[in-house]
Amino acid sequence: MPDEDFENRVFVNCPYSDDYRDFQRAIIFVLMRLGYEPCLAAQVSNSGQLRMDKVREQIRDCRHSIHDLSLVIASRKGELARMNMPYELGLDLGARWFGEPPLNSKVLLVLEGERGSVKKALSDHAGFDLRTHEGQMEELLCELRSHFYSHLSPL
């Protein structure tokens, strides 16, 4: 069950690739600067633990989450779409929709690279307020700041 740090932890579901590394670092920096604790499955070093167990534990232990789906769509003919990030988004939504308190209070930020791109590949997600960063660092930082400032508790 979630502990007392549940409110300040953020599950970060983003691509682990060279072309996303600067974005990942920016997300971690902004979260830490705002007083949140970023949680990424890759930060848990335990070869004896399945990655999905790490993801499940982090989803359970974090009130907040960021799901960047900007790189889930195949960019070239014959290339496969990356399905792990939408899968983890689905697990997180399931925890929010079907979980007992405090899981049902989870807050999600879902990002896409280009406006409308996720709806093409994940049409069931239509109607949700996705935020777009257009592959631009400045836009990513603005989206992070506006989302998390709206959820900060007054000091």
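Just above, that's the structure.
Below, the structure is looked at part by part. (Residues numbered from 1 in each chain as written. Predicted model: local features only at pLDDT ≥ 70, side-chain atom pairs only at ≥ 80, totals over all residues. Heavy atoms only, no water.)

### Concerning the pairing of strand β4 (residues 107-112)
Burial analysis of β4 places six of its six residues in the buried class, the great majority of the element. With respect to chirality, the unit in which strand β3 (residues 64-68) leads through helix α3 (residues 84-98) into the neighbouring parallel β4 is right-handed. Judged from the two bridges that link them, β4 and strand β5 (residues 131-132) form a sheet pairing that is parallel. Paired with E112 across the strands is T132, a residue of β5. (Buried < 20%, exposed > 50% of the residue type's maximum accessible area, 1.4 Å probe, protein only. Helix = DSSP H or I, 4+ residues; strand = E, 2+ residues; numbered from the N terminus. Right-handed = clockwise from strand over helix to strand, strands pointing away. Pairing = 2+ DSSP bridges.)

### Focus: the pairing of strand β1 (residues 9-13)
The side chains of a regular strand alternate between both faces of the sheet. Across the five residues that make up β1, a large majority, five, are buried. Of the two faces of β1, the one carrying R9, F11 and N13 and the one carrying V10 and V12 are both buried. Relative to strand β2 (residues 37-39), β1 runs parallel, the two being bridged by three bridges. When the bridges of β2 are listed, V10 appears paired with P38. Handedness of the crossover is the feature at issue here: the chain leaves β1, passes through helix α1 (residues 21-33), returns alongside β2, and the resulting connection is right-handed. Note that β1 and β3 share four bridges and pair parallel.

### What to know about the packing of aromatic side chains
One pass over the structure, following the stated rule, counts two aromatic pairs. Ring geometry for Y20 and F23: centres 5.4 Å apart, planes at 20°, overall stacked. For Y20, a relative accessible area of 3% gives the class buried. Of note, R51 hangs over the ring of Y16, and the distance from its end group to the ring centre comes to 5.8 Å. (Phe/Tyr/Trp six-rings, centres within 6.5 Å; stacked < 30°, edge-to-face > 60°. Lys NZ or Arg CZ within 6 Å of the ring centre and 35° of its normal.)

### Regarding α1
Look at α1: 18 Å from first C-alpha to last across 13 residues, which is about the 18 Å you get at 1.5 Å a residue. All of the buried residues in α1 are F23, Q24, A26, I27, V30 and L31. Angularly, the buried residues of α1 cover 160° about the axis, an arc narrow enough to put them on a single face. Structural note: α1 exposes D22, R25, F29, M32 and R33 on the side pointing more than 90 degrees away from its buried face. For α1, the elements touching its buried residues are β1, β2, β3 and α5 (137-149). (Expected span 1.5 Å × (residues − 1). Arc of directions from axis to C-beta. Contact = heavy atoms within 4.5 Å.)

### As for the nonpolar core
Counting 18 residues, the largest nonpolar core has I27, L31, I66, L144 and F148 as the members making the most contacts within it. Of all the elements in the fold, those that place two or more residues in this core are β1, α1, β4 and α5. Top element by residues in this core is α1. It accounts for five residues. Apart from the residues lying within four places of it in its own chain, the contact partners of L144 are I27, V30, I66 and L109. Counting residues in hydrophobic clusters, the runner-up holds nine residues, among them L69, V72, L93 and L130. (Core = buried A, V, L, I, M, F, W, Y, C linked by side-chain atoms within 4.5 Å.)

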